[in-house]
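# Examining the three-dimensional arrangement
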Amino acid sequence: MVDADYPVLSDNYYGDYPMIISGYDYYTGDDPKIYTLCFRNISFYLNSNIRDIPMKMLKYLEAYILHNNSKIKDYMYYYLITRYYVSDVKNIEEYLIPYLSKCLFDLDFVNKCKDNLKFYIDFS
């Protein structure tokens, strides 16, 4: 049924044997593969114009990410894109600004995000 109605989503759910994506909000543990799979699927959903699921996934990952700074740049990249689509207020949540500020010291990150940053009141 999913394959017939939403063929592009079928791969994510039927190929998700450990249920990391379909059950991302029930998954526990600090396993690096959850970050990789979630970021991959956040990108997929954004490219498919499905915007509410990526924000839910980012909010779920947030607690892990803020304690594991190795993935903060990936998180902030997808956060900037997703928040633009789901929020009427174009500003970055205040508690995330220190984390974003650390990312701005990385020139690769700045180059990757400069088009997204210009949409936010905080950085315009």
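All right, on to helix 3 (residues 32-47) then. Under the 1.5 Å per step criterion, the end-to-end length of helix 3 is 23 Å for 16 residues, consistent within 8% with the ideal 22 Å. Of the residues making up helix 3, those classed as buried are Ile34, Tyr35, Cys38, Phe39, Asn41, Ile42, Tyr45 and Leu46.

Attention now moves to the packing of helix 4 (residues 52-67) against helix 5 (residues 72-86). The contact between helix 4 and helix 5 brings their axes to 10 Å, and the two run at 150 degrees. Relative to helix 5, helix 4 is oriented roughly antiparallel. Judged by the sense of rotation from one axis to the other, the crossing of helix 4 with helix 5 is left-handed. Across the interface between the two elements, Pro54, Met55, Leu58, Glu62, Ile65 and Leu66 of helix 4 pack against Ile72, Tyr75, Tyr78, Tyr79, Thr82, Arg83 and Val86 of helix 5. Residues of the contact of helix 4 with helix 5, tallied by class, amount to ten nonpolar, one polar and two charged.

Residue placement: Glu62 occurs in helix 4. Judged by relative accessible area, which is 10%, Glu62 ranks as buried. Excluding residues within four positions of it along the chain, Glu62 makes contact with Tyr75, Tyr95 and Leu96.

In this fold, Ile34 is placed in helix 3. On the basis of relative accessible area, Ile34 is assigned to the buried category, the value being 3%.

All right, on to the packing of aromatic side chains then. One pass over the structure, following the stated rule, counts seven aromatic pairs. Seen from their ring centres, Tyr77 and Tyr78 are 5.0 Å apart, and the 70 degrees between their planes marks the pair as edge-to-face. For the pair shown, Tyr77 and Tyr78 are each scored as buried. With 5.1 Å between their ring centres and 80 degrees between their planes, Tyr84 and Tyr85 make a pair best called edge-to-face. The positively charged end of Arg51 is found above the aromatic ring belonging to Tyr85, 3.6 Å away from the centroid. Note that Lys112 overlies the ring of Tyr77, its terminal NZ or CZ placed 4.3 Å from the centroid.

Grouped together as the largest cluster of nonpolar side chains are 30 residues, with contacts concentrated most on Phe39, Met76 and Leu80. Within the residue set of this core, elements represented by two or more residues are helix 3, helix 4, helix 5, helix 6 (97-103) and helix 7 (107-117). At eight residues, helix 5 tops the list of elements feeding residues into this core. Those residues within four positions of Met76 in sequence are excluded, and the remaining contacts are Leu96, Leu100, Cys103 and Phe109.

Interhelical geometry of helix 3 versus helix 5 gives an angle of 20 degrees and a closest axis separation of 11 Å. What the angle tells us is that helix 3 and helix 5 run roughly parallel. Viewed along their axes, helix 3 and helix 5 form a crossing whose handedness is left-handed. Here Phe39, Ile42, Ser43 and Leu46 of helix 3 lie close against helix 5, whose contacting residues are Asp74, Tyr75, Tyr78, Ile81 and Thr82.

Moving on, we come to the environment of Lys59. Structurally, Lys59 can be placed in helix 4. The spatial distance from the C-alpha of Lys59 to the C-alpha of Tyr75 is 10.0 Å, given a sequence separation of 16 residues. Every residue in contact with Lys59, bar those within four places of it in the chain, is listed here: Glu93 and Tyr95.

How each quantity is defined
Residues numbered from 1 in each chain as written. Predicted model: local features only at pLDDT ≥ 70, side-chain atom pairs only at ≥ 80, totals over all residues. Heavy atoms only, no water. Helix = DSSP H or I, 4+ residues; strand = E, 2+ residues; numbered from the N terminus. Expected span 1.5 Å × (residues − 1). Buried < 20%, exposed > 50% of the residue type's maximum accessible area, 1.4 Å probe, protein only. Axes fitted to C-alpha atoms, helices over the stretch in contact; angles between N-to-C directions. Parallel < 35°, antiparallel > 145°, perpendicular 65-115°, else oblique. Left-handed = near helix turned anticlockwise from the far one by under 90°. Contact = heavy atoms within 4.5 Å. Nonpolar A, V, L, I, M, F, W, Y, C, P; charged D, E, K, R; others polar. Phe/Tyr/Trp six-rings, centres within 6.5 Å; stacked < 30°, edge-to-face > 60°. Lys NZ or Arg CZ within 6 Å of the ring centre and 35° of its normal. Core = buried A, V, L, I, M, F, W, Y, C linked by side-chain atoms within 4.5 Å.

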